[in-house]
Amino acid sequence: MAAPRQEVNTLPLAPSLRHSLIAAGFRTVADLYGVGPVDLSAELDIGPDDALLILKIADVHKTSGLLGAKSAHELYEKELNARKIITFCGDLDGMLGGGVATGQVTEFCGVPAVGKTQLGIQLAVDVQIPAAFGGLGASAVYIDTEGSFMVERVVEITDACIRHLKKLGNSGTAAQKDAASQLSREQMLANIHYFRVTDYTEQLAVAQMLPSFVNSHPQVKLIVIDSIAFHFRQDFQDMAQRTRVLAEMAQKLMHLAEEKDLAVVLMNHVTTKVLDNNRGSKLVPALGDSWAHAATSRIILFWQEQTRNAFLYKSPWLPAKTAEYHVTADGVRGRRAHKRQRADTAAA
């Protein structure tokens, strides 16, 4: 591909910016790969807006954009062939077009105790479902910013998944029976790579090293960040700087999802927004309006009459829709599984 070798002095930038790049040792577009706007701003001694402009134009030239357009048919085929990670809730999977898609960033927003972490853990287990059952047979990265990742709960959800697949295998094909027989709690737990981060600098550092980690662990097809907002709501006073740093991190996550065909799942908080003209207030996803563009799809999790619901608020191709889901002893499930489990508990 020609783009990485393109010299920076040919980019459509102001002469002063091109001169600054060359003076700092940047000769080709490839030299800018992996450089964030904050670092570039400091290295060139330019404003953050100019740094973002340089990287944006470099991104245009290093991707398919101007140098090799994709047809609408190629994009359509890509969407059709995107692999999905199921949630074990049929209604929720149906709303998402078959599950959480690889190659994109999906954000789940909701109040505390609505099941965000439960969903993240469920996905980290389900991404390992063998190909014989229609799964990815992959592994996951789980980035825990709040300390909500409980190993005991992971074990419960893992054991339930294994029981379900073994049951299917007993009445399924030879390949399914063989795949189910090889499942073990120990192996599935080993396939979840866990990172605990305690402040936003650690969170940024982990995000920075994710591409190299995925390169050395090619089986990773899911990255969960639970939650994306926690440290950025607690530790930042400079909102303009926060916006720039978040934009840089979002760009890296999007690029990683597309380049490696993996699913990035972000758990986000909600916050109260006061409406104009004394119209009261409403709950909205945290991190502000600029963050709304960070995800390909956004799902709002909420309570309605003591029942958990998910609303598909944003999707480039799926219609807005609401699905009911439940958090059970076995993990995230749909209405029928929830009722069946309650009936079995009552009978026992």
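Please refer to the structure placed before this passage.
Residues numbered from 1 in each chain as written. Predicted model: local features only at pLDDT ≥ 70, side-chain atom pairs only at ≥ 80, totals over all residues. Heavy atoms only, no water.

Let's talk about the sheet that holds strand β11 (residues 307-314)
The strand order across the open sheet built from 9 strands is β5-β4-β6-β7-β3-β10-β11-β12-β13, with neighbouring strands paired in mixed fashion. Lying at the two open borders of the sheet, with one neighbouring strand each, are β5 (192-196) and β13 (331-333). The mean inter-strand angle of the sheet, taken between neighbouring strand axes irrespective of direction, is 25°. By the bridge criterion, 5 bridges tie strand β6 (residues 220-226) to strand β7 (residues 263-268) in an arrangement that is parallel. Among the inter-strand pairings, Asp226 is bridged to a residue of β7, identified as Met267. Strands in contact with helix α7 (residues 151-170) are β5, β12 (322-328) and β13; relative to β13, the strand with the most contacts, it is inclined by about 50°. (Pairing = 2+ DSSP bridges. Helix = DSSP H or I, 4+ residues; strand = E, 2+ residues; numbered from the N terminus. Axes fitted to C-alpha atoms, helices over the stretch in contact; angles between N-to-C directions. Contact = heavy atoms within 4.5 Å.)

Section: the packing of helix α6 (residues 116-126) against α7
A pair of packed helices is captured by two measures, namely the crossing angle of their axes and the spacing between those axes. As a packed pair, α6 and α7 sit with axes 10 Å apart at the nearest point and diverge in direction by 45°. For the element pair α6 / α7, the angle class is oblique. As α6 packs across α7, the resulting crossing turns out to be right-handed. Here α6 contributes Gln118, Ile121, Gln122, Val125 and Asp126 to the contact with α7, which in turn contributes Arg153, Val154, Ile157, Thr158 and Cys161. Class assignment for the residues of the contact of α6 with α7 results in 5 nonpolar, 3 polar and 2 charged. (Parallel < 35°, antiparallel > 145°, perpendicular 65-115°, else oblique. Left-handed = near helix turned anticlockwise from the far one by under 90°. Nonpolar A, V, L, I, M, F, W, Y, C, P; charged D, E, K, R; others polar.)

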